[in-house]
Amino acid sequence: MVTPITAVVESCAVEKLEVRMAIVGTMKAGKSTILNAIMGYELLPSRNTAMTTLPTEMSFSRHTEQPQLILKSELITTINNIGRELKLKSNERNLENRLRNDEDLIKMMNNLSTNELMTLEATTYGNLKIVDSLKYINDVVRISIMLNIENTINSTWIPRLRGGALPFLYSKENAPPLPRLKVPLPHSFSIPKGELIIIDTSGPNDSNLSAHLRQIVISQLQRATLILVAVKFIGSDSTDEAKLQEDIETIREYRDTDGSSYLYALVNKIDQRIEGKQNSIEQTKAAVATKYKIPLANVCGKKWHEMVCAPYSITFRFRS
Ligand SMILES: Nc1nc2c(ncn2[C@@H]2O[C@H](COP(=O)(O)OP(=O)(O)OP(=O)(O)O)[C@@H](O)[C@H]2O)c(=O)[nH]1
Ligand SMILES: [Mg+2]
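Keep in mind that this is a model prediction, so the values were computed, not measured.

The rules we used
- Residues numbered from 1 in each chain as written.
- Chains lettered and ligands numbered in written order.
- Predicted model: local features only at pLDDT ≥ 70, side-chain atom pairs only at ≥ 80, totals over all residues.
- Heavy atoms only, no water.
- Helix = DSSP H or I, 4+ residues; strand = E, 2+ residues; numbered from the N terminus.
- Buried < 20%, exposed > 50% of the residue type's maximum accessible area, 1.4 Å probe, protein only.
- Contact = heavy atoms within 4.5 Å.
- Pairing = 2+ DSSP bridges.
- Core = buried A, V, L, I, M, F, W, Y, C linked by side-chain atoms within 4.5 Å.
- Domains from an automatic or database assignment.
- Axes fitted to C-alpha atoms, helices over the stretch in contact; angles between N-to-C directions.
- Parallel < 35°, antiparallel > 145°, perpendicular 65-115°, else oblique.
- Nonpolar A, V, L, I, M, F, W, Y, C, P; charged D, E, K, R; others polar.
- 1 Å grid on protein atoms, 1.4 Å probe; cavity = no way out; pocket = protein on both sides within 12 Å on 5 of 7 lines; lining within 4 Å.
- Points joined across faces, edges and corners; volume = space filled by probe spheres on them.
- Expected span 1.5 Å × (residues − 1).
- Near = heavy atom within 4 Å.
- Polar contact = N/O pair within 3.5 Å; in protein donor to acceptor, adjacent residues only side chain to side chain.
- Areas by Shrake-Rupley, 256 points an atom, 1.4 Å probe, with all protein chains shown as cover.
- Donors = N, O, S within 2.8 Å, 3.2 Å for Na, K, Ca; no water.
- Salt bridge = Lys/Arg side-chain N within 4 Å of Asp/Glu carboxyl O.

K.L.:
Is there a simple way to explain the environment of Pro 204 in this structure?
P.N.:
Tracing the backbone through its elements, the reader meets Pro 204 in helix H6 (residues 204-207). Take Pro 204: its relative accessible area is 2%, and that puts it in the buried class. A sequence separation of 177 residues divides Pro 204 from Met 27, and the C-alpha atoms of the two residues are 7.7 Å apart. Once residues within four sequence positions are removed from consideration, Pro 204 is found in contact with Gly 25, Arg 214, Lys 243, Leu 244 and Asp 247.

Right, here's the structure in full:
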């Protein structure tokens, strides 16, 4: 398994004040792992079952010496409200089935039944504490959707679009109060002007869990300057791939006809390739370019991932 520990972002000469790069991909393609590699810190939770639920933003800052997780008060209150509802349900029968026997989610409900809710802070320091907080937030939202309580949370202070506690997260008028990571700007990384914001998302198949969640992801993709599509070398199931194609098409429809230069793809989990038995990396890259209609030059598939997002001269080099 690739353990991307260090990422060196060699140069980033952005022309715009804000470049937003969102990652999308098939289920468990390694989206969060890739972004941890870009940041150079293991802050986004990852595991081999569905993990990311809410999109998470991250940016590089000259003004911080250690990573921070920033949570807006609306988000903290929402998560606390949902947490209280979950606590009330934590002893209900048949929870295991309703949580599809997912061990992490069942453990979380058991914790909620005996412990206080996790205290979320406006700013969290400490890499492990950051991962734990993000895991908690993502699982609280995931369980609320699986137990179908997202529409029953009552809150007078959350602007509602159409019932429920989550819709405010994708209100077009307000910047959604998503979790935000700030990491120190690496010395080798210079941003002469502007800011690079990277957004982690849940897989398209997964976001079908909830129409709200899907909408949150799509609105992030619409706002993105660049979109990085992560796919597994060995491919994913065809439904998952079809959903990803559909999401990419939806995004394309929202763009002016400027070609597909904002789309990049990264073929991940290349270590799972069996030499001599499967397509070569070049063949896989070509297949990915065709399937998702991404320019071949924008498809990267090296074991030492190297990618240049040309329009903005952003170069990422990952070390494994
Ligand atoms: N073998 C191998 N495993 C990897 C690689 N990249 C990530 N993984 C593992 O794949 C699993 C899924 O990775 P995540 O980063 O959580 O995937 P994701 O796409 O963010 O998944 P969701 O957030 O659930 O949508 C984790 O157990 C990772 O450790 C890789 O290059 N090779
Ligand atoms: Mg993830």
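Past the structure itself, the notes keep going.
K.L.:
Sorry if this is basic, but what is going on with the pairing of strand S9 (residues 263-268) here?
P.N.:
Regular strands have side chains that alternate between both faces of the sheet. Within S9, six of the six residues are buried, which leaves it mostly tucked inside the rest of the structure. Here S9 shows a buried face lined by Leu 263, Ala 265 and Val 267 and a second buried face lined by Tyr 264, Leu 266 and Asn 268. Summarising the sheet, strand S8 (residues 226-232) and S9 pair through six bridges and their orientation is parallel. Looking at S9, one finds that Ala 230 is bridged to Leu 266.

K.L.:
I'm lost on the nonpolar core in this one. Help?
P.N.:
Among soluble globular proteins, nonpolar side chains are generally buried collectively. Counting 53 residues, the largest nonpolar core has Leu 86 and Leu 181 as its most contacted members. With nine residues, the single largest contributor to this core is helix H5 (residues 127-146). Residue-level mapping places this core at the junction of two domains, with at least three residues from each of domain 1 (6-62 + 185-319) and domain 2 (73-170). If sequence neighbours within four positions are ignored, Leu 181 has contacts with Met 39, Leu 43, Leu 44, Thr 56, Glu 57, Met 58, Ser 59, Gln 68, Leu 69, Ile 130 and Leu 134.

K.L.:
Just checking my understanding: could you explain the packing of helix H4 (residues 103-114) against H5 for this structure?
P.N.:
When two helices pack together, their arrangement is given by the angle between the helix axes and the distance between those axes. It is the contact of H4 with H5, at a shortest axis distance of 10 Å, that shows an interaxial angle of 95°. With respect to each other, H4 and H5 are oriented roughly perpendicular. On the side of H4, the interface is formed by Leu 105, Met 108, Met 109 and Leu 112, while H5 contributes Tyr 136, Asp 139, Val 140, Arg 142, Ile 143 and Met 146. Residues belonging to the contact of H4 with H5 are distributed by class as follows: eight nonpolar, no polar and two charged.

K.L.:
I'm lost on the pairing of S8 in this one. Help?
P.N.:
Most of S8 is tucked away, with seven of its seven residues classed as buried. Here S8 shows no split at all, with Leu 226, Leu 228, Ala 230 and Lys 232 on one side and Ile 227, Val 229 and Val 231 on the other all buried. Two elements, strand S2 (residues 18-25) and S8, share five bridges in a ladder whose sense is parallel. Across the sheet, residue Ile 23 finds its bridge partner in S8, namely Leu 228.

K.L.:
What am I meant to see in the layout of surface pockets here?
P.N.:
The rolling of a water-molecule-sized probe over the atoms marks out the regions of remaining empty space. Reported here for the second largest pocket is a volume of approximately 300 Å³. If you trace the second largest pocket, you find 13 residues lining it, with Met 108, Asn 111, Met 118, Lys 135 and Tyr 136 closest to the centre. In terms of residue count, H4 provides more of the lining of the second largest pocket than any other element does, five residues in total. Among the residues forming the lining of the second largest pocket, the class breakdown is four nonpolar, two polar and seven charged.

K.L.:
Quick question: what am I supposed to make of the sheet that holds strand S10 (residues 299-300) here?
P.N.:
In sheet architecture, strand pairing relies on hydrogen bonds along the backbone and comes in two forms, parallel and antiparallel. Ordered in space as S5-S4-S6-S3-S7-S2-S8-S9-S10, the nine strands form an open sheet in which the pairing is mixed. Across the chains shown, the open sheet's two edge strands, defined by having one partner strand only, are strand S5 (123-125) and S10. In this sheet, strand S7 (residues 195-200) lies alongside S2 in parallel orientation, the contact comprising five bridges. Bridge pairing in S7 places Met 21 opposite Ile 198.

K.L.:
It is not clear to me how helix H2 (residues 73-89) should be interpreted in this structure. Could you clarify?
P.N.:
The α-helix winds at 3.6 residues per turn, so residues separated by three or four positions along the chain end up facing the same way. Taking 1.5 Å of rise per residue, the 17 residues of H2 would be expected to cover 24 Å, and the 24 Å separating its terminal C-alpha atoms lies within 8% of that figure. Of the residues making up H2, those classed as buried are Leu 75, Ile 76, Thr 78, Ile 79, Asn 81, Ile 82, Gly 83, Leu 86 and Lys 89.

K.L.:
Can you walk me through the site of ligand 1 in this structure?
P.N.:
Of all residues adjacent to ligand 1, which total 19 residues, the nearest are Lys 28, Lys 31, Thr 33, Met 51 and Thr 52. Within the side chain of Asn 268, an N or O atom sits 3.3 Å from a nitrogen atom of ligand 1. Relative to its unbound accessible surface of 660 Å², ligand 1 loses 91% to contact with the protein. With three residues, helix H1 (residues 31-39) is the largest single contributor of residues to the shell around ligand 1.

K.L.:
So what exactly am I meant to see when it comes to the coordination of the magnesium ion (ligand 2) here?
P.N.:
Around a metal, the ideal angle is 109.5 degrees if four donors adopt a tetrahedral arrangement and 90 or 180 degrees if six donors adopt an octahedral arrangement. Each protein donor to the magnesium ion (ligand 2) is listed here as Ser 32 (OG) and Thr 52 (OG1); together their distances run 2.1 Å. With a gap of 20 residues between them, Ser 32 in helix H1 and Thr 52 in the loop between H1 and strand S3 (56-61) connect regions that are remote in the sequence. Summarising the burial analysis for this pair, Ser 32 and Thr 52 share the class buried.

K.L.:
Any chance you could explain the pattern of salt bridges here in plain terms?
P.N.:
Once the charged atoms of two side chains with opposite charge are near each other, the side chains can pair. In the structure shown here, the tally under the stated rule is eleven salt bridges. Put simply, Glu 57 and Arg 20 hold a salt bridge, and the shortest N to O gap is 2.9 Å. A residue pair is termed long-range when its members are at least 10 positions apart, and Glu 57 in strand S3 and Arg 20 in strand S2 qualify at 37 residues. On the accessibility criterion, Glu 57 (7% relative accessible area) is buried. With its nearest N and O atoms 3.5 Å apart, the salt bridge here joins Lys 89 to Glu 92. Given the relative accessible area of 33%, Glu 92 is considered partly exposed. Each of Arg 20, Glu 57 and Arg 180 takes part in salt bridges that share partners, so that together they form one network.

All quantities given are derived from atomic positions and should not be read as evidence of function.
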